[in-house]
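Descriptive structure summary
Now for the letters of each chain:
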Amino acid sequence: MASLPRVITVDPTGDVGRIIRSAIDLMGYTVIYADVPNGTEALEEVQRTGCNLLVTAWDLMDDMGGLELALRVKQQSSDTQVLVLGDLDDPDELDEDTAENSPFAYLSRPVNVHTLLRVVVAGMEGEDVKEAVDAPIVTSEVRVDLGPIPPIDLTNAQGFIDQLLTDLGAMAIVLINREGDVLLERGAVGYLDRERLATALLPSAMTNIEIRELIGGQNTSIHFFDGDDHDVYVLSVGLHYFLCVVFDGEIGSRQLGAVTRYGRQTAGDLVALLGPHAWILETPREARREAAKKRKTQEIRALVEEETLQLARSSFSDEELKEEAPIIEETGPILEAIPDEEFDVDALFAAADNLDNVDELFSEEDLEALAKQQHDSRKIDFNSAIELGLLDE
């Protein structure tokens with residue numbers, strides 16, 4: 001076999017081929033693909049090239065049915081995984097004995113998208129498709145607090161959704177958040193109970209969040225619900241929102257390729273409106289930590305404001321402040337007062353007995369005589385110099 005997975009679909013109407021191609025495109029696989037109209041050509045293709053996975057319709061409209069083709073393919077190539085995909089008019093399930101002993105897997109439409117994708121991946125990777133069918137689907141029964149939902153600009157979102165409604169020719173499109181609130185309705189939404197639809201789709205939104213930890217990255221998902229009256233596609237928009245695209249029950253199953261192309265593009269546009277918050281979940285622990293931090297900041301701010309107000313006001317009167325004011329003692333040198341008998345005011349102002357003699361106090365002759373007197377007063381005799389220790393005896 002080739003290094004790339006080889007997939008063969010067998011259906012004269014081409015419906016099986018469209019479904020499987022869309023599923024492969026959705027998962028981003030690169031495969032070698034062949035679509036043949038009947039069982040005879042399918043056996044020739046398997047014998048000539050071999051394949052990893054063969055998906056056949058239940059009714060091939062010729063001398064060989066889907067069950068017979070599946071058995072002959074397994075006899076011819078035991079390594080090839082075979083899936084028989086029934087239509088709405090075909091049996092919902094095989095009888096217990098056939099289902100237990102058959103070497104192939106059987107699914108009937110409307111098919112669970114998770115189961116179909118799991119079976120297709122298992123077949124392309126050489127794993128047992130019957131075990132992939134029986135694998136349990138993880139559902140979320142307990143509602144977990146995932147923090148606040150980031151807001152989205154509904155005005156801009158409406159423009160993207162209206163364009164998607166035109167591109168797909170859908171009956172209606174509804175935008176719902178992960179808490180089940182219907183935020184936007186476009187198209188003929190009156191034929192569908194939007195509230196019940198939102199409530200029924202909540203487990204799908206939680207599954208998209210929970211599986212992110214298993215597969216990593218910013219995961220996207222498309223769910224398909226095939227009914228008689230309506231067909232519904234559900235596209236995830238980040239982790240907080242999802243789009244419901246509603247078709248008439250007769251044509252919805254053939255729109256998987258268009259929904260995958262245009263729907264994922266619109267979901268990406270809505271994620272761009274949300275920005276990085278589209279992929280952020282605020283856990284309760286983080287929310288409590290942020291709330292505690294905010295509360296502590298407010299308490300500190302209130303305490304600072306209270307202390308500032310206390311410093312700005314005073315409850316004492318002016319008289320009480322004067323009584324309580326401390327007495328500050330001078331620490332500078334204290335000079336002794338001159339005794340009255342030694343302080344001769346008349347001698348100090350003798351030259352200023354009258355106003356005519358005022359100028360004599362500042363005459364140059366008197367100042368010069370005073371300077372000489374001070375200079376001469378610094379002269380001492382011999383005995384005084386000995387007493388002062390300036391000369392030895």
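Residues numbered from 1 in each chain as written. Predicted model: local features only at pLDDT ≥ 70, side-chain atom pairs only at ≥ 80, totals over all residues. Heavy atoms only, no water.

Digging into the pattern of salt bridges
Here the idea is simple: oppositely charged side chains can pair when their charged atoms come close. One pass over the structure, following the stated rule, counts 7 salt bridges. Among the salt bridges present, the one from Arg72 reaches Glu68, with a minimum N-O distance of 3.8 Å. Of this pair, Arg72 and Glu68 both sit in helix H3 (residues 66-76), 4 residues apart, which is roughly one turn of that helix. Overall, Glu68 belongs to the partly exposed group, its relative accessible area being 37%. The partner of Arg194 in a salt bridge is Glu185, with the nearest N and O atoms 3.3 Å apart. The exposure class of Glu185 is partly exposed, given its relative accessible area of 30%. (Salt bridge = Lys/Arg side-chain N within 4 Å of Asp/Glu carboxyl O. Helix = DSSP H or I, 4+ residues; strand = E, 2+ residues; numbered from the N terminus. Buried < 20%, exposed > 50% of the residue type's maximum accessible area, 1.4 Å probe, protein only.)

So, the environment of Glu250
For Glu250, the location among the structural elements is in the loop between strand S10 (241-248) and helix H9 (256-274). By relative accessible area, which is 62% here, Glu250 ends up exposed. Sequence spacing of Glu250 and His230 is 20 residues, and the spatial spacing of their C-alpha atoms is 7.8 Å.

A few points about the sheet that holds strand S2 (residues 32-36)
Reading across the sheet, the 5 strands line up as S2-S1-S3-S4-S5 and stay open at both edges, with parallel pairing between neighbours. On the outer flanks of this sheet lie S2 and strand S5 (105-108), each paired with one strand and no other. Averaged over all adjacent pairs, the angle separating strand axes in this sheet is 15 degrees, with direction ignored. Each of strand S1 (6-10), S2, strand S3 (53-57) and strand S4 (81-86) is contacted by helix H1 (residues 15-27), which is oriented at about 150 degrees to S1, the strand it contacts most. In the packing of helix H2 (residues 39-49) onto the sheet, contacts are made with S1, S2 and S3, and the angle to S1 comes to roughly 170 degrees. (Pairing = 2+ DSSP bridges. Axes fitted to C-alpha atoms, helices over the stretch in contact; angles between N-to-C directions. Contact = heavy atoms within 4.5 Å.)

Some words on H3
Residues Gly66, Leu69, Ala70, Val73 and Lys74 constitute the buried set of H3. Projected onto a plane normal to the axis of H3, the buried residues spread over an arc of 130 degrees and lie on a single side. Contact partners of the buried residues in H3: S1, H2, S3 and S4. (Arc of directions from axis to C-beta.)

Focus on the sheet that holds strand S8 (residues 222-226)
Spatially, the 5 strands line up as an open sheet ordered S7-S6-S10-S9-S8, and their pairing is antiparallel. Each of the sheet's edge strands pairs with one partner strand only, and the pair in question is strand S7 (182-187) and S8. The mean angle between the axes of side-by-side strands here comes to 15 degrees, regardless of whether they run parallel or antiparallel. Sheet topology note: the strand S9 (residues 230-237)/S10 ladder contains 8 bridges and is antiparallel. Paired with Asp231 across the bridge in S10 is Phe247. This element, helix H7 (residues 154-168), spans strand S6 (172-177), S7 and S10 of the sheet and lies at about 35 degrees to S7.

Side note on the side chain of Arg178
Mapped onto the elements, Arg178 comes out in the loop between S6 and S7. In this structure, Arg178 is buried with no salt-bridge partner, the nearest side chain bearing the opposite charge being Glu179 at 4.4 Å. A polar contact is formed between the side chain of Arg178 and the backbone oxygen of Pro148, at a distance of 3.4 Å. Apart from the residues within four sequence positions on either side, Arg178 is in contact with Leu146, Gly147, Pro148, Ile149, Leu202, Ile209, Leu239, His240, Phe242 and Leu281. (Lys, Arg positive; Asp, Glu negative; His and termini not counted. Polar contact = N/O pair within 3.5 Å; in protein donor to acceptor, adjacent residues only side chain to side chain.)

Considerations on the layout of surface pockets
For the second largest pocket, the calculated volume is near 330 Å³. Lining of the second largest pocket is provided by 16 residues; of these, Glu93, Tyr106, Leu107, Val133 and Asp134 occupy positions nearest its centre. Of all the secondary structure elements, the ones that give two or more residues to the lining of the second largest pocket are S5 and helix H6 (129-134). Looking at the lining of the second largest pocket, the element that brings in the most residues is S5, giving 4 residues. (1 Å grid on protein atoms, 1.4 Å probe; cavity = no way out; pocket = protein on both sides within 12 Å on 5 of 7 lines; lining within 4 Å. Points joined across faces, edges and corners; volume = space filled by probe spheres on them.)

Re the packing of H7 against H9
Axis angle and axis distance: for two packed helices, these are the angle between their axes and the distance between the axes, and together they describe the pair. The interhelical angle for the contact between H7 and H9, taken along N-to-C directions, is 175 degrees, at an axis separation of 10 Å. The angle between the axes of H7 and H9 places the two elements in the roughly antiparallel class. Mapping the contact onto sequence places Asn156, Ala157, Phe160, Leu164, Asp167 and Leu168 in H7 and Ala258, Val259, Tyr262, Gly263, Thr266, Asp269, Leu270 and Leu273 in H9. For the contact of H7 with H9, a count of residues per class yields 9 nonpolar, 3 polar and 2 charged. (Parallel < 35°, antiparallel > 145°, perpendicular 65-115°, else oblique. Nonpolar A, V, L, I, M, F, W, Y, C, P; charged D, E, K, R; others polar.)

Side note on unusual backbone geometry
In this chain, Arg109 is followed by Pro110 through a cis amide linkage whose omega measures 5 degrees. Structurally, Pro110 is set in the loop between S5 and helix H5 (113-124).

Details of empty space enclosed by the protein
One pass over the structure, following the stated rule, counts 2 cavities of 30 Å³ or more. Looking at the largest cavity, its volume works out to about 150 Å³. If you trace the largest cavity, you find 13 residues lining it, with Ile19, Val113, Leu116, Phe224 and Leu256 closest to the centre. Within the residue set of the lining of the largest cavity, elements represented by two or more residues are H1, H5 and S8. Per-class residue counts for the lining of the largest cavity are 11 nonpolar, 1 polar and 1 charged. As a volume, the second largest cavity reaches approximately 80 Å³.

Geometric descriptors of this kind do not, in isolation, establish any biological role.
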